[in-house]
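# An overview of the molecular structure
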Amino acid sequence: MAFKLPKLPYKSDALKKFIGKRTMEIHHGKHHNGYTTKLNAAIKGTKLEKKKIEAILAVAGKSGAGVRNNGGGYYNHSLFWKVMSPSGGKAPAAKSKLGAAIDKDFGSFEKFQEAFTTAAKTQFGSGWAWLCVDKKGKLFVSSTPNQDNPLMDCVRKKGTPILGLDVWEHAYYLKYQNRRPDYVSNFFKVINWKEVAKRFTAATK
Ligand code: MN
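These figures come from a predicted structure and were not determined experimentally. (Residues numbered from 1 in each chain as written. Predicted model: local features only at pLDDT ≥ 70, side-chain atom pairs only at ≥ 80, totals over all residues. Heavy atoms only, no water.)

## Concerning the overall build of the protein chain
What the protein chain contains, in helices and strands, is eight helices and three strands. Its helices and strands in sequence order give the protein chain the pattern α-α-α-α-α-β-β-β-α-α-α, from N to C terminus. Computed over C-alpha atoms, the radius of gyration of the protein chain comes to 16 Å, within 12% of the 17 Å expected from 2.2 N^0.38 for 205 residues, which places it in the range of a compact globule. With the principal axes as the frame, the protein chain shows a C-alpha extent of 50 × 40 × 30 Å. In the protein chain, buried positions account for 47% of the 205 residues. Pairs at least 24 apart in sequence give 68% of the contacts found in the protein chain among residues at least 6 apart. Of the roughly 10,600 Å² that the protein chain leaves accessible, carbon and sulfur atoms contribute 54%. With 37 positive and 15 negative side-chain charges, the protein chain shows a separation of 5 Å between the mean positions of the two kinds. (Helix = DSSP H or I, 4+ residues; strand = E, 2+ residues; numbered from the N terminus. Rg over C-alpha atoms; globule rule 2.2 N^0.38 Å. Buried < 20%, exposed > 50% of the residue type's maximum accessible area, 1.4 Å probe, protein only. Contact = heavy atoms within 4.5 Å. Areas by Shrake-Rupley, 256 points an atom, 1.4 Å probe, with all protein chains shown as cover. Lys, Arg positive; Asp, Glu negative; His and termini not counted. Charge placed at Lys NZ, Arg CZ, Asp CG, Glu CD.)

## Overview of the layout of surface pockets
Quantified by volume, the largest pocket comes out at close to 270 Å³. In terms of lining, the largest pocket is formed by Phe-3, Lys-4, Pro-6, Lys-52, Ile-53, Glu-54, Tyr-74, Tyr-75, Ser-78, Leu-79, Lys-82 and Arg-199. Considering each element in turn, the lining of the largest pocket owes the most residues, five residues, to helix H3 (residues 65-82). Split by residue class, the lining of the largest pocket holds six nonpolar, one polar and five charged. Of the pockets and cavities examined, the second largest pocket occupies roughly 220 Å³. (1 Å grid on protein atoms, 1.4 Å probe; cavity = no way out; pocket = protein on both sides within 12 Å on 5 of 7 lines; lining within 4 Å. Points joined across faces, edges and corners; volume = space filled by probe spheres on them. Nonpolar A, V, L, I, M, F, W, Y, C, P; charged D, E, K, R; others polar.)

## What to know about empty space enclosed by the protein
Within this structure, the stated rule accounts for one cavity of 30 Å³ or more. Forming the boundary of the largest cavity are Phe-18, Ile-19, Thr-23, Met-24, His-27, Phe-80, Ala-171 and Tyr-183. Residue composition of the lining of the largest cavity, by class: six nonpolar, two polar and no charged.

## Section: the domain arrangement of the protein chain
Segmentation of the protein chain into domains returns domain 1 (21-82) and domain 2 (97-203). Domain 1 and domain 2 are separated by 19 Å when their C-alpha centres are compared. The largest per-residue losses of area from domain 1 upon contact with domain 2 belong to Asn-76, Leu-79 and Phe-80, which jointly make up 30% of the total buried on that side. Connecting domain 1 to domain 2 are one salt bridge. The element best represented in the side of domain 1 that touches domain 2 is H3, accounting for ten residues. Of the residues contributing to the side of domain 1 that touches domain 2, the split by class is eight nonpolar, nine polar and five charged. (Domains from an automatic or database assignment. Buried area = accessible area lost by both parts, 1.4 Å probe. Salt bridge = Lys/Arg side-chain N within 4 Å of Asp/Glu carboxyl O.)

## Looking at the side chain of Asn-149
Its location among the elements puts Asn-149 in the loop between strand S2 (139-145) and strand S3 (160-166). The class for Asn-149 is buried, based on a relative accessible area of 0%. Polar side-chain contacts of Asn-149 include one of 2.9 Å to the side chain of Asn-76. (Polar contact = N/O pair within 3.5 Å; in protein donor to acceptor, adjacent residues only side chain to side chain.)

## Here's the deal with the pattern of salt bridges
Inspection of the entire model under this criterion finds eight salt bridges. Among the ionic pairs, Arg-68 bridges to Asp-148, the shortest N-O distance being 2.8 Å. One end of the pair, Arg-68, is in helix H3; the other, Asp-148, is in the loop between S2 and S3, and 80 residues separate them in sequence. Take Arg-68: its relative accessible area is 27%, and that puts it in the partly exposed class. A single network of salt bridges, built from pairs that share partners, joins Lys-21, Arg-22 and Glu-25.

Below, the structure is given as structure tokens:
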């Protein structure tokens, strides 16, 4: 079964404190749609055709650039839309499972935010910043180039991503031009921590 472009979970102007309508429309309707179409073309008639996206990503490094770039692009954007919400931005309660894990693994929410911001700002060129869970259930922050992600066999630091930020220029250029740090700082106003907590629970089960 071919992969389908997921619908945005809100209207395209709903996250305007972070990103504008036009960028959302192009980013979802053109970029994400392009990755989805090209992923389907790359796996068509191969043994990957009936696999889940996570299984495809686990062999992305040895499956050619078409699978790696478009499989990553499909998965990364599908996660990205869901970990944002117009009513987001409220950090997880310190007593919640995720809040406690952030305190334990980073020292405090502020220290996590600092690490994530640094990862997003210093990823050279196009890529993503991540909050992930490793095999032992420990949280870590990382960044990857292009459309790579921590589920891929070819990525050095592996884990399950529970939060991701797209730092390709196509994600922010219309509103921010070269000001990536402002884009990263506004991301924190829309993070859907409920969704991130849900993914944390699923990843540590
Ligand atoms: Mn993108």
